[in-house]
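Close look at the chain arrangement
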Amino acid sequence: MDSWLETKQFPMHFIATGGLVYKDNQVLLIRSKRRGWEFPGGVLEQGEAILEGLKREIWEESGIIARPVTFVGVYQNLAVKNGYGALEGMKLPPVVNMDFICTYENGTARVSEESVEVAWVTPEEAKNMVRHPIFAKRLANMLAMKRKISFATFEKPDNQIENFQQLFLNES
């Protein structure tokens, strides 16, 4: 029997999305207060469809309207972390991230409550700008996307990569 059936405590993960938006030969990055440069994305609202949540997060963080075109991978961060900001004093559950390649549709890049800077950069520049270890790995997979869907698990709470496992689900 599954343990959650015995304890009556539902399993819990945050579901989040990330999108690498392409416009011409550049990609969209935002600079967050906590992690530095990264591609836009975030946690879905309760009951929100995955692709709608992705588009909402990109819009909220950057002012850009984007269209998801390719699913890249699933990344599971099993670390339980301390909350921050309005969530201070709480424990945040593990996160399942789903990443997508997107194309620019409309909008003008602008900062928001979640971004202190927004920039269109070359893919090579993006590799050098994104320093957070997990985001850097996810970005590398997005930039190298060749019809391979990635699945990876991270297990260390301080965002360092430990026990990193990666599969390419449709590798020939």
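For the structure, see preceding data.
On a predicted model such as this, the values are computed, not experimentally measured, just so you know.

Rules used in this analysis
- Residues numbered from 1 in each chain as written.
- Predicted model: local features only at pLDDT ≥ 70, side-chain atom pairs only at ≥ 80, totals over all residues.
- Heavy atoms only, no water.
- Helix = DSSP H or I, 4+ residues; strand = E, 2+ residues; numbered from the N terminus.
- Buried < 20%, exposed > 50% of the residue type's maximum accessible area, 1.4 Å probe, protein only.
- Contact = heavy atoms within 4.5 Å.
- Areas by Shrake-Rupley, 256 points an atom, 1.4 Å probe, with all protein chains shown as cover.
- Salt bridge = Lys/Arg side-chain N within 4 Å of Asp/Glu carboxyl O.
- Polar contact = N/O pair within 3.5 Å; in protein donor to acceptor, adjacent residues only side chain to side chain.
- Phe/Tyr/Trp six-rings, centres within 6.5 Å; stacked < 30°, edge-to-face > 60°.
- Patch = residues over 30% accessible without salt bridge, like charges linked within 9 Å, V, L, I, M, F, W, Y side chains within 5 Å.
- Arc of directions from axis to C-beta.

**Quick look at the overall build of the protein**
In terms of helices and strands, the protein carries four helices and 11 strands. Across the 172 residues of the protein, 38% fall into the buried class. Taking the intrachain contacts of the protein between residues at least 6 apart in sequence as the baseline, contacts between residues at least 24 apart amount to 67%. Accessible area of the protein: about 10000 Å², with a carbon and sulfur share of 52%.

**What about the pattern of salt bridges?**
Scanning all chains against the criterion turns up 10 salt bridges. For arginine 35, the salt bridge is made with glutamate 38, and the minimal N-O distance between the two is 2.6 Å. With a relative accessible area of 28%, arginine 35 lands in the partly exposed category. Its relative accessible area of 3% is what places glutamate 38 among the buried residues. One salt bridge in this structure joins glutamate 45 and arginine 56, with 3.9 Å as the shortest N-O distance. Of this pair, glutamate 45 sits in the loop between β4 (41-43) and α2 (50-62) while arginine 56 is found in helix α2, placing the two residues 11 residues apart along the sequence. Glutamate 45 gets classed as partly exposed once you look at its relative accessible area, which sits at 48%.

**As for the environment of glutamate 52**
Examined against the element boundaries, glutamate 52 turns out to sit in helix α2. C-alpha separation for the pair glutamate 52 and threonine 17, spaced 35 residues apart in sequence, amounts to 10.0 Å.

**Topic: the side chain of arginine 138**
Secondary-structure assignment places arginine 138 in helix α4 (residues 133-143). There is a polar contact of 2.6 Å between the side chain of arginine 138 and the side chain of aspartate 99.

**What to know about the environment of glutamate 113**
By secondary structure assignment, the location of glutamate 113 is in the loop between β8 (95-107) and β9 (117-121). Accessibility expressed as a relative area gives 73% for glutamate 113, which makes it exposed. Separated by 52 residues in the primary sequence, glutamate 113 and glutamate 61 place their C-alpha atoms 7.5 Å from one another.

**Thoughts on the packing of aromatic side chains**
Enumeration over the complete set of coordinates arrives at three aromatic pairs. Seen from their ring centres, phenylalanine 39 and phenylalanine 135 are 5.2 Å apart, and the 45 degrees between their planes marks the pair as tilted. Of the two residues, phenylalanine 39 sits in the loop between β3 (36-38) and β4 while phenylalanine 135 sits in helix α4, which places them 96 residues apart along the sequence. Residue phenylalanine 39 is classed as buried on the basis of its relative accessible area, which comes to 1%.

**As for a nonpolar patch on the surface**
Residues Ile15, Ile50 and Leu51 make up a contiguous nonpolar surface patch of about 210 Å² in total accessible area. Following the sequence through the fold, isoleucine 15 ends up in strand β1 (residues 14-23).

**Concerning α4**
Restricting attention to buried positions, one finds in α4 the residues Ile134, Phe135, Arg138, Leu139, Asn141 and Met142. The buried residues of α4 all sit within an arc of 160 degrees when viewed along its axis, so they share a single face.

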